[in-house]
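Geometric and topological summary
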Amino acid sequence: MGQPSEGRLISVSEAMRLARQSLERLQVQVIGEVSEFNDKPSYKAAYFTIGDGKASMPCLMWRDRYAASGVTLRQGMQVEVVGNFSAYEPKGRLQFVVGSLTPAGEGRLRMQVDAIAKRLAVEGLMHPARKRPLPAFPERIGLVTSPAGKAVHDVLRTLKRRYPLAEVVFAGVTVEGDTAPAAIARGLEAVVAAAAGLDVVLIVRGGGSYEDLMPFNDEALARAIAASPIPVVTGIGHEPDTTIADMVADCRASTPTAAAEAAAPLAEGVKAALDAKGRALGRALLARVQRVGHRLALLADRPVFRDGNALLGTSTQTLDYLRSKLSVAIPARIERSGELIDARRLRLVQAGGQLVGRHEGALRLQAARLDDLSPLKILARGYAAVFSADGKTVIRRVSQVEVGQCMAVRVSDGIIDCDVTKVRMEE
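Read on for an overview of the structure. (Residues numbered from 1 in each chain as written. Predicted model: local features only at pLDDT ≥ 70, side-chain atom pairs only at ≥ 80, totals over all residues. Heavy atoms only, no water.)

**A short note on the overall build of the protein chain**
Worth spelling out the cut-off: A helix here means a DSSP run of H or I that spans at least four residues, while a strand means a run of E at least two residues long, and both kinds are numbered starting from the N terminus. Atoms counted for the radius of gyration: C-alpha only. Globule rule: 2.2 Å times residue count to the power 0.38. For the exposure calls, accessible area comes from a 1.4 Å probe over protein chains only, and a residue counts as buried if that area is under 20% of its type's maximum, exposed if over 50%, partly exposed in between. By definition, residues are in contact when any of their heavy atoms lie within 4.5 Å. Calculation of accessible area relied on Shrake-Rupley with a 1.4 Å probe; when residues are assessed, cover is drawn exclusively from the protein chains displayed. Residues scored as charged are limited to Lys and Arg (positive) and Asp and Glu (negative), so that His and the chain ends carry no count. Taken as the charge location is NZ of Lys, CZ of Arg, CG of Asp or CD of Glu.
Within the protein chain one finds twelve helices and 13 strands. At 64 Å, the protein chain has a C-alpha radius of gyration far larger than the 22 Å of a compact globule built from 427 residues. Along the first, second and third principal axes, the C-alpha set of the protein chain runs to 200 × 90 × 50 Å. Within the protein chain, the fraction of its 427 residues that count as buried is 29%. Of all intrachain contacts in the protein chain linking residues separated by at least 6 positions in sequence, the fraction that spans at least 24 positions is 59%. Here the protein chain displays about 28200 Å² of accessible surface, and carbon together with sulfur accounts for 57% of that area. Between the averaged position of the 56 positive side-chain charges in the protein chain and that of its 47 negative side-chain charges there is a distance of 7 Å.

The following block contains the structure:
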């Protein structure tokens, strides 16, 4: 529908439609603070109002776009909205239709911090199991903070009051501005490297706005704190302030003073604890001495310590008893063994006679056969055996001798030495 001709009357609905069409052509970017917010799940849009203290502007944002923005609106939140004005014709009400929505100022910062915190939490840097216990009696305490702020004096005063024995290793750094995160990380590295045997490190600063504390939400600083080889205690801002540095530190204190109190024991408390331990140790030693003394008295009262024979009496009596049994058992055993030997000797004699008797006839027969075959038996019948002069060679043929050779002739009762004078070969 075009613009109405001048002087032509139009209806209210047509007038509102013209107004809506004109407003929708105007797209603007607006910043303001949320003063009212209505987000019922049954509604197709989220309804809220933003203002700047001088004026307020009703807004609506369709449900799908609101969900896609990732922003959760709340009263008092600063937001930047981009959209166009429109008119709700049935009520004749002006409204701003939001196309995109982002947090402004602190709201944007909080979203950035929340994203970093979630990422570090997924990596386990905030898990309680990773955090180390603080030393009960630190000898050297590192302190990283601004040298010009109130926090350094609060910490030093608290340490001097509670635990003056500790040595403080101080690194003065800037704690505000864009360079603060890197400066704090370098300060942490410096105190750790400068003091051998450092027990704990305090990272502190006084209170301030959310923007002032943003250096302690830096991801690189958080990783440096998590990687520190020394336990880290943070005391940043006031009680409600919590930064990412607090989340990854081994111990989070609400203020710089509370950080010093967490890191150092109270000297009077230590003395009282030592006195209590000393009294308990004295009582324990006294009770131990009494128990040992009572046990020694019981041991001293035993017969073995009062009479030397009590320890060996039974063994001595046993030895005497065994000796008496042995003096009786040995002669009896010898007598029984002698009788057994005599009986076995008799059996051996009898067995020997029987053995000789069984073989005597065979022995005689073999002796007679041996006698018949004996050369001496043949010689006794008139025969002789001829040997060489040395008696080693038997002469069986005339070819074995020569004339003039000396020979030995064996007869039944002796040997005849002869010289050969003649050799005859028989046909």
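**Considering the packing of aromatic side chains**
Under the convention used in this document: Each Phe, Tyr or Trp ring, with Trp reduced to its six-membered ring, pairs with another whose centre is within 6.5 Å; inter-plane angles below 30 degrees give stacked pairs, above 60 give edge-to-face pairs, and intermediate values give tilted ones.
In the structure shown here, the tally under the stated rule is three aromatic pairs. Seen from their ring centres, Tyr 43 and Tyr 47 are 5.8 Å apart, and the 80 degrees between their planes marks the pair as edge-to-face. Its relative accessible area of 34% is what places Tyr 47 among the partly exposed residues. When the centroid spacing of 5.0 Å and the interplanar angle of 75 degrees are considered together, the rings of Phe 85 and Phe 96 count as edge-to-face. Here Phe 96 lies in strand β5 (residues 93-103) and Phe 85 lies in strand β4 (residues 78-88), a separation of eleven residues in the sequence. Accessibility expressed as a relative area gives 18% for Phe 85, which makes it buried.

**Details of helix α4 (residues 150-162)**
The periodicity of an α-helix, 3.6 residues per turn, causes residues three or four places apart in sequence to face the same way. Convention followed: Multiplying 1.5 Å by the helix residue count minus one yields the expected span of that helix. Taken from the helix axis, the directions to the C-beta atoms give the arc we talk about.
Between its first and last C-alpha atoms α4 spans 18 Å; for 13 residues at 1.5 Å apiece the expected length is 18 Å, and the two agree. The complete set of buried residues in α4 reads Ala 151, Val 152, Asp 154, Val 155, Thr 158, Leu 159 and Arg 162. The buried residues of α4 occupy one face: seen down the axis, they fall within an arc of 165 degrees. In α4, those exposed residues whose orientation departs by more than 90 degrees from the buried face are Lys 150 and Lys 160. Packing partners of the buried residues in α4 comprise β6 (140-145), β7 (167-172), β8 (200-205), α8 (256-263) and α9 (267-300).

**Structural notes on the environment of Gly 338**
Position of Gly 338 among the secondary structure elements: in helix α11 (residues 309-372). Given a relative accessible area of 27%, Gly 338 falls into the partly exposed group. In this structure the C-alpha to C-alpha distance between Gly 338 and Leu 18, which are 320 residues apart in sequence, comes to 152 Å.

**What to know about the pattern of salt bridges**
What counts, and what does not: Counted as salt bridges are all cases of a side-chain nitrogen of Lys or Arg within 4 Å of a carboxyl oxygen of Asp or Glu.
Within the structure shown, the criterion is met by twelve salt bridges. A salt bridge links Arg 223 to Glu 123, with the nearest nitrogen and oxygen atoms 2.7 Å apart. One end of the pair, Arg 223, is in helix α6 (residues 219-226); the other, Glu 123, is in the loop between α3 (106-122) and β6, and 100 residues separate them in sequence. Among the residues examined, Arg 223 registers a relative accessible area of 31% and is labelled partly exposed. Among the ionic pairs, Arg 132 bridges to Asp 250, the shortest N-O distance being 3.0 Å. Highlighted residues: Arg 132 in the loop between α3 and β6 and Asp 250 in the loop between α7 (244-248) and β10 (251-253), separated in sequence by 118 residues. Classification of Asp 250 as buried rests on a relative accessible area of 10%.

**Some remarks on the nonpolar core**
We apply this condition: What makes a nonpolar core is a set of buried Ala, Val, Leu, Ile, Met, Phe, Trp, Tyr and Cys residues whose side-chain atoms join them at distances within 4.5 Å.
Of all hydrophobic cores here, the largest spans 35 residues; its most connected members are Ile 203 and Ile 225. Looking at this core, the element that brings in the most residues is helix α5 (residues 180-194), giving five residues. Setting aside residues up to four positions removed in sequence, Ile 225 forms contacts with Leu 188, Ile 203, Val 232, Ala 245, Val 248 and Ala 249. Core analysis: the second largest hydrophobic core is formed by 18 residues, Val 152, Val 200, Val 233 and Ala 264 among them.

**Here's the deal with the side chain of Thr 158**
This is how it is decided: Definition of a polar contact: a pair of N or O atoms within 3.5 Å, with one able to donate and the other able to accept a hydrogen when the atoms are protein atoms, and with sequence-neighbouring residues admitted only if both atoms are side-chain atoms.
Relative to the helices and strands, Thr 158 is located in helix α4. With a relative accessible area of 5%, Thr 158 lands in the buried category. Among the polar contacts listed, one links the side chain of Thr 158 to the backbone oxygen of Asp 154, at a separation of 2.7 Å. Residues in contact with Thr 158, not counting those within four places in the same chain, are Tyr 163, Thr 257, Ala 260 and Glu 261.

**Overview of the layout of surface pockets**
This is how it is decided: Whether a set of points on the 1 Å grid over the protein atoms alone is a cavity depends on a 1.4 Å probe fitting there but being unable to get out, while an open set qualifies as a pocket with protein on both sides within 12 Å along at least five of seven lines; lining residues are those with an atom within 4 Å of a point. Grid points are joined across faces, edges and corners, and a volume is the space filled by probe spheres set on the points. Only Asp, Glu, Lys and Arg are considered charged in this grouping, and only Ala, Val, Leu, Ile, Met, Phe, Trp, Tyr, Cys and Pro are considered nonpolar; every other residue, Gly among them, is considered polar.
Here the largest pocket is characterised by a volume of approximately 190 Å³. Forming the walls of the largest pocket are 13 residues, and the residues nearest its centre are Val 398, Val 401, Met 407, Val 420 and Lys 422. Of the residues that constitute the lining of the largest pocket, the class distribution is nine nonpolar, no polar and four charged.

**Remarks on the sheet that holds strand β1 (residues 27-38)**
To keep it simple, the criterion reads: DSSP calls a pair of strands paired once it identifies at least 2 bridges connecting them. Only the contacting stretch of a helix is used when fitting its axis, a line to C-alpha atoms as for every element, and angles between N-to-C directions run 0 to 180 degrees.
The strand order around the closed barrel built from five strands is β1-β2-β3-β5-β4, with neighbouring strands paired in mixed fashion. Shown here is a sheet whose adjacent strand axes are inclined to one another by a mean of 55 degrees, direction ignored. Of the pairings in the sheet, the one linking β1 to β4 comprises seven bridges and is antiparallel in character. Residue pairing for β4: Gln 27 is matched across the bridge by Asn 84. Contacts between helix α1 (residues 12-24) and the sheet are confined to β4 and β5, with β4 contributing the most and set at about 150 degrees to the helix.

**What to know about the sheet that holds strand β13 (residues 414-419)**
Backbone-to-backbone hydrogen bonds join strands into a sheet, with any given pair of strands oriented parallel or antiparallel. If you trace the three strands from one edge of the open sheet to the other, you get β11-β12-β13, paired in antiparallel fashion. Whereas interior strands pair on both sides, the edge strands pair on one side only; in this sheet they are β11 (385-388) and β13. Direction aside, the axes of adjacent strands within the sheet are offset by 30 degrees on average. Bridging between β11 and strand β12 (residues 406-411) involves four bridges; their strand directions are antiparallel. Its bridge partner lying in β12, Ala 385 is registered against Arg 410.

**Thoughts on the environment of Glu 268**
Tracing the backbone shows Glu 268 in helix α9. Each C-alpha atom, one on Glu 268 and one on Gly 338, is 97 Å from the other, the two residues being 70 residues apart in sequence.

**Quick look at a nonpolar patch on the surface**
Inclusion rule: Here the term patch refers to residues with relative accessible area over 30% and no salt bridge, with like charges joined within 9 Å and nonpolar side chains (Val, Leu, Ile, Met, Phe, Trp, Tyr) within 5 Å.
A contiguous nonpolar surface patch, about 220 Å² in accessible area, is contributed by Leu 156, Val 168 and Phe 170. With respect to the element layout, Leu 156 can be found in helix α4. Classification of Leu 156 as partly exposed rests on a relative accessible area of 38%.

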